[in-house]
Amino acid sequence: MIRLLYISRAAPTISNEQVQDILLSSRQNNPASSITGILVHGGGLFMQVLEGQEQDVLRKYVKILDDPRHSGAEILYISPANNRIFGKWSMGGIKSDPLQFQYISKLRARRLEVIDASTFTETMREFAQMLRDAK
Ligand SMILES: Cc1cc2nc3c(=O)[nH]c(=O)nc-3n(C[C@H](O)[C@H](O)[C@H](O)COP(=O)(O)O)c2cc1C
């Protein structure tokens with residue numbers, strides 16, 4: 001199994017409905033290839049975590065890259081994984097504000113370092129907690 005995290009720029013004209021459409025088709029498609037994860041949207045950006053078998057995740061990522069609803073995708077983290085963080089979600093959806101997105105840029109800043117699985121898990125946990133606290 002691998003876990004992949006990328007960030008991309010949402011198309012400037014993207015609507016909430018279009019984001020919902022992405023989540024709907026993800027939830028429809030992902031179970032067939034046992035992919036789980038979350039999609040965060042806000043501040044003109046997407047951030048997505050994809051977890052699953054290497055071939056499945058990479059194939060899905062390449063497909064997602066072609067989608068005109070976003071551009072400039074950059075992988076921030078990719079690593080073998082023994083277990084799923086988002087096992088309950090075929091694709092969880094989170095609406096985030098730009099401030100919370102700044103948190104993700106912490107990961108981005110560390111992109112050139114090797115981020116190990118536990119650091120990643122810890123960072124995602126803190127991020128999820130921040131989102132909960134913000135509500
Ligand atoms: C940011 C973003 C994330 C996406 N995530 C997924 C995903 O996790 N799973 C998926 O099947 N499609 C995802 N899509 C949609 C795909 O690009 C594509 O539109 C969809 O898989 C096509 O589905 P279809 O073959 O049922 O028409 C995503 C698109 C964007 C822009």
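Residues numbered from 1 in each chain as written. Predicted model: local features only at pLDDT ≥ 70, side-chain atom pairs only at ≥ 80, totals over all residues. Heavy atoms only, no water.

- Looking at an unreviewed UniProt entry, one finds the protein chain named BLUF domain-containing protein and attributed to Stutzerimonas zhaodongensis.

## Some thoughts on the site of the ligand
Link 1 in the chain: Taken together, 16 residues lie around the ligand, and Asn30, Gln48, Lys60, Asp67 and Arg69 are the ones closest in.
Link 2 in the chain: In the environment of the ligand, an oxygen atom lies 3.1 Å from a nitrogen or oxygen atom belonging to the side chain of lysine 63.
Link 3 in the chain: Between the ligand and aspartate 67, the relevant distance is 2.6 Å, taken from an oxygen atom to a side-chain nitrogen or oxygen of the residue.
Link 4 in the chain: When the free accessible area of the ligand is taken as 620 Å², the share hidden by the protein chains comes to 79%.
Link 5 in the chain: Those elements giving two or more residues to the shell around the ligand turn out to be helix 1 (16-29), strand 3 (45-52) and helix 2 (54-65).
Link 6 in the chain: For the shell around the ligand, the class distribution of residues is seven nonpolar, five polar and four charged. (Near = heavy atom within 4 Å. Polar contact = N/O pair within 3.5 Å; in protein donor to acceptor, adjacent residues only side chain to side chain. Areas by Shrake-Rupley, 256 points an atom, 1.4 Å probe, with all protein chains shown as cover. Helix = DSSP H or I, 4+ residues; strand = E, 2+ residues; numbered from the N terminus. Nonpolar A, V, L, I, M, F, W, Y, C, P; charged D, E, K, R; others polar.)

## Thoughts on unusual backbone geometry
Link 1 in the chain: Despite not being glycine, serine 34 shows a phi value in the positive range, around 50°.
Link 2 in the chain: Along the chain, serine 34 turns up in the loop between helix 1 and strand 2 (36-42).
Link 3 in the chain: Under the relative-accessibility criterion, serine 34 is labelled partly exposed at 42%. (Buried < 20%, exposed > 50% of the residue type's maximum accessible area, 1.4 Å probe, protein only.)

## A word on the sheet that holds strand 4 (residues 70-80)
Link 1 in the chain: Here we have five strands laid out as an open sheet, ordered 4-1-3-2-5, and mixed in their pairing. Of all strands in the sheet, those with a lone pairing partner are strand 4 and strand 5 (92-95), marking the two edges. Shown here is a sheet whose adjacent strand axes are inclined to one another by a mean of 15°, direction ignored.
Link 2 in the chain: Sheet analysis places strand 2 next to strand 3, joined by seven bridges and oriented antiparallel. Paired with glycine 42 across the strands is leucine 45, a residue of strand 3. (Pairing = 2+ DSSP bridges. Axes fitted to C-alpha atoms, helices over the stretch in contact; angles between N-to-C directions.)

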